[in-house]
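As a plain string of letters, each chain reads:
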Amino acid sequence: MRRNGKIKVENAAEFMCVLPIVVKAFEMEIIPANRIVAQIGETLILTCNTTGCASPSFSWRTQMDNPLGGTVNNHRTYSTLTMNPVSIVNSHDYLCTVFCGEKEKKEKSIKVELYSFPSDPVIEIRPSLVAGEPVTVVCKIPDVYPSDHLEVLLKKEGYTLHEEDFYEDDSTNTETKTVTYSFHPTAEDIGKEITCVAKLPIAYMDFEPKERVTSQKLNTNFGPKNTVITASPGNSPMEGDPLKLTCVTESNPPTQIVWRKHLADESIQHLIENNVLSVPHTRFTDSGLYICEVINLVTNKTEKATVDIVIQGAPNITELSIEPSITVQEGENVSIQCSAESNPPPKIILRRKSNSADMGSYREGRILLLPSVTFLNGGDYECIAENKFGKSKSEITLNVEYGPKNTMISVIPATAVKEGETVMMKCTSSGNPAPVISWKKKTATGELEKMFKDATLHIQNVQNSSVKDGGILSLMSMELKGGPNVIRSFRKLQTMKGEICLGTDSICKVLRSAELLLLLLFGKCTHEAKKLCSARIFFQIGLSGGSRYLHTRDSKRNDTRRKCYRLLHICRCYICSEYSVKENM
């Protein structure tokens, strides 16, 4: 009994409840039950399930003992029959039998019904539509089963052109069914839709869809025709501006487009395959004839359009050169060439660059010829290219190399010095590259001894240079190196009672006179003097203490006397340096 919410244990038996044991009866079922509609090509699984049997055994078969056409998998309380994929052989009544022990047996059946309507119709138009020519519309319905229920309609913009059914068809498997219809399309038919409607209305089968539809527009193939090219901003853009060429044509189906360009050598350059050809920054080389070629692969027709593009602008000098080289030797033939591009074509001027009114070498044209150049031709040359849009300039330097020229020696103080004085001898000369000047001294043995390398030579405390034998004089020699030539110039210093035999004025006269210089070089002063001064004047050359001197007789005429006196003075200079000239030139 309960006291204070508690039950005594010794009295617990009085409250025991006895529950009955319930055992489930042996049952089975097939999933799905009784009937199933399956599409050919898909996967179908039939399941046979049991309850109330610990260890059932299963068996699958068709009622007509045909092959199962599937795979059986037995599990503890259920079994499956898998058909993957479902085919026409699976159109049967399937029976599942279950045994529970030796005495209990149950079985159930299911009917598998098949159909096939997997995809939309396919429309073909044969041949491809060409305006005015007959065409045949073909509608194909792929893999239909059972086809004896198939209905097909062909429509144009909702209007039925043709209707066909296959009620009498006895196909036992999936088949592609075809419906055809021929007609003459008109211009009004272009762009209208042809529709194929396929229906499989099987009333006793539950599946979707039972109607499939496909549409296609009627397109007449034509062209290409009326092909044109438009150029933006125009056919003659300025250099540097963008250029866009657009090729437009009428064609169905759309054409393939190829751009080409005529080159200067008459060849054709392939550019791009696109209806728009763009040049972001034009150059003069972009000028030319452009061709747009359009091709319709269906009609097998081709059409071309052309446009002539001319790039305008101020000149651009593309070449300024000197042949054979920018550095040449005197006597070589030189040509200066200039090329420029522009539109309109430029006027080209080649000239010697100068700030004076006399421009020197000048030529209107691409080539300036300079035959047998001298050092005077060296310098800067400019090419000027000009048209109505502007002008361009470019410069180049011609470097003419030549040996020493205009070599002169000056002695300070002039003419004569006293023993013990200082003498400065200065040599000047021009050449390219610049001459290298050096001084040498002829020793008593006749050898040249290097003294100094500079343009100016200082000799302090001048003394008589004679050696012991009394006949050999000290000589100073100078070498100028520049270009291919070496020129030697000589000045002989001799103190004779405090005087210099050869003065500055005399040697300057010799160097300035080409005629008398020739006399010095060939050592014929005495002979030529007689010829120039007439036979009435003669010279006597003697020796006195190793030195040479001249004696003259008076001329009958004063003018001849003056002329010969000048010549004698020059020859005296020559005789003073005769040994040097003969031994070193």
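Residues numbered from 1 in each chain as written. Predicted model: local features only at pLDDT ≥ 70, side-chain atom pairs only at ≥ 80, totals over all residues. Heavy atoms only, no water.

**Focus on the overall build of the protein chain**
A count of helices and strands for the protein chain gives five helices and 42 strands. Within the protein chain, the fraction of its 585 residues that count as buried is 38%. Across the protein chain, the fraction of contacts at a sequence separation of at least 24, relative to all contacts at a separation of at least 6, is 61%. Looking at the protein chain as shown, the accessible area adds up to about 33600 Å², and 50% of this sits on carbon and sulfur atoms. (Helix = DSSP H or I, 4+ residues; strand = E, 2+ residues; numbered from the N terminus. Buried < 20%, exposed > 50% of the residue type's maximum accessible area, 1.4 Å probe, protein only. Contact = heavy atoms within 4.5 Å. Areas by Shrake-Rupley, 256 points an atom, 1.4 Å probe, with all protein chains shown as cover.)

**Here's the deal with unusual backbone geometry**
A cis amide bond links S232 with the next residue in sequence, P233, at an omega value of 10°. Residue P433 is bonded to the preceding N432 through a cis peptide linkage, with omega at 0°. Structurally, the position occupied by P433 is in the loop between β33 (423–432) and β34 (436–442).

**Observations regarding the nonpolar core**
Generally speaking, a soluble globular protein has its nonpolar side chains buried in company with each other. Ranked by internal contacts, the top residues of the largest apolar core, which has 24 residues, are F117, V137, I141, L150, V152, I194 and L200. Those elements giving two or more residues to this core turn out to be β11 (122–126), β12 (135–144), β13 (151–156), β15 (175–183) and β16 (193–199). Looking at this core, the element that brings in the most residues is β12, giving five residues. Residues in contact with L150, not counting those within four places in the same chain, are I141, V144, D165, F166, Y167, K177, A198, K199 and L200. Counting 23 residues, the second-largest nonpolar core is a separate cluster that includes L44, C48, V86 and Y145. (Core = buried A, V, L, I, M, F, W, Y, C linked by side-chain atoms within 4.5 Å.)

**Focus: the packing of aromatic side chains**
Under the defined criterion, the tally for this structure stands at three aromatic pairs. Here Y115 and F207 contribute two aromatic rings whose centre-to-centre distance is 3.8 Å and whose plane-to-plane angle is 15°, an arrangement assigned as stacked. Pair noted here: Y115 is in strand β10 (residues 104–115) and F207 is in the loop between β16 and β17 (211–217), with a separation of 92 residues, a long-range link. F207 gets classed as buried once you look at its relative accessible area, which sits at 5%. Where Y181 meets F183, the ring centres are 6.1 Å apart and the plane angle is 20°; that geometry is what we call stacked. (Phe/Tyr/Trp six-rings, centres within 6.5 Å; stacked < 30°, edge-to-face > 60°.)

**Quick word on the state of the cysteines**
In total, this model carries five disulfides according to the counting rule given. Disulfide pairing is shown between C338 and C383; the S-S distance is 1.9 Å. For the disulfide bridge between C338 and C383, the dihedral angle about the S-S bond is near -70°, and by the sign convention the bridge is left-handed. Remark: C383 occurs in strand β31 (residues 379–387) and C338 occurs in strand β27 (residues 334–343); sequence separation between them is 45 residues. There is no split in this pair, since C338 and C383 are both buried. (Disulfide = S-S within 2.5 Å.)

**What to know about the side chain of K156**
In this fold, K156 is placed in strand β13. Apart from residues lying up to four places away in sequence, K156 is in contact with L161, D189, E193, I194 and L218.

**Some details on the sheet that holds strand β7 (residues 71–74)**
A sheet is described by the order of its strands in space; here four strands give the open sequence β3-β5-β8-β7, paired in antiparallel fashion. Whereas interior strands pair on both sides, the edge strands pair on one side only; in this sheet they are β3 (27–31) and β7. Shown here is a sheet whose adjacent strand axes are inclined to one another by a mean of 15°, direction ignored. Two strands pair when backbone bridges link them, and β7 and strand β8 (residues 78–83) are joined in this way by four bridges, in the antiparallel orientation. Bridge assignment links V72 to a residue of β8, and that residue is L81. (Pairing = 2+ DSSP bridges. Axes fitted to C-alpha atoms, helices over the stretch in contact; angles between N-to-C directions.)

**Observations concerning the pairing of strand β20 (residues 256–262)**
Examined bridge by bridge, β20 and strand β23 (residues 288–296) share six bridges and lie antiparallel to one another. In the sheet register, Q256 faces β23, and the bridge partner there is I295. Note: β20 against strand β21 (residues 268–270), three bridges, orientation antiparallel. From the neighbouring strand, H262 faces β21, where its bridge partner is I268. Between β20 and β21, which pair antiparallel and follow one another directly, the connecting turn spans five residues, one of which, E266, has a positive phi of 75°.

**Digging into the sheet that holds β27**
Sheets are built from strands that pair by backbone hydrogen bonding, the pairs being arranged parallel or antiparallel. Taking strand neighbours across the sheet as the criterion, the three strands line up as β25-β27-β30 in an open arrangement whose pairing is antiparallel. The sheet is open, and its two borders are formed by β25 (313–323) and β30 (367–370), each paired with just one other strand. Each strand axis lies, on average, 15° off the axis of its neighbour in the sheet, ignoring direction.

**Brief notes about the pattern of salt bridges**
Applying the stated rule across the entire model yields 14 salt bridges. A salt bridge links K304 to E293, with the nearest nitrogen and oxygen atoms 3.5 Å apart. On the criterion of sequence distance, the pair formed by K304 in strand β24 (residues 301–309) and E293 in strand β23 is long-range, its members being 11 residues apart. According to the relative accessible area criterion, K304 is exposed, its value standing at 55%. Take E293: its relative accessible area is 14%, and that puts it in the buried class. Among the charged side chains, a salt-bridge network with shared partners connects E124, R126 and K140. (Salt bridge = Lys/Arg side-chain N within 4 Å of Asp/Glu carboxyl O.)

**With respect to the environment of P345**
Looking at where P345 falls in the secondary structure, it is placed in the loop between β27 and β28 (347–352). Sequence-wise, P345 and A314 are 31 residues apart; in three dimensions their C-alpha atoms are separated by 9.3 Å.

**Focus on the pairing of β16**
For β16, the tally of buried residues reaches five of seven residues, placing the bulk of the element in the interior. Alignment of β13 against β16, held across six bridges, turns out to be antiparallel. Bridged to V152 within β16 is A198.

**What about the confidence of the model for the protein chain?**
In regions of low pLDDT, the predicted coordinates are not meant to be interpreted in detail. Confidence along the protein chain averages 76 in pLDDT terms, with 72% of residues attaining 70 or more. Confidence drops under pLDDT 50 across residues 466–481; counting only partners more than four residues distant or on other chains, this segment forms 65 contacts. (pLDDT = per-residue confidence, 0-100.)

**What about the environment of E211?**
Positionally, E211 belongs in strand β17. For E211, a relative accessible area of 42% puts it in the partly exposed group. Along the sequence, E211 and P201 sit 10 residues apart, while their C-alpha atoms lie 7.9 Å from each other. Beyond its immediate sequence surroundings of up to four residues, E211 is in contact with F117, V197, A198 and K199.

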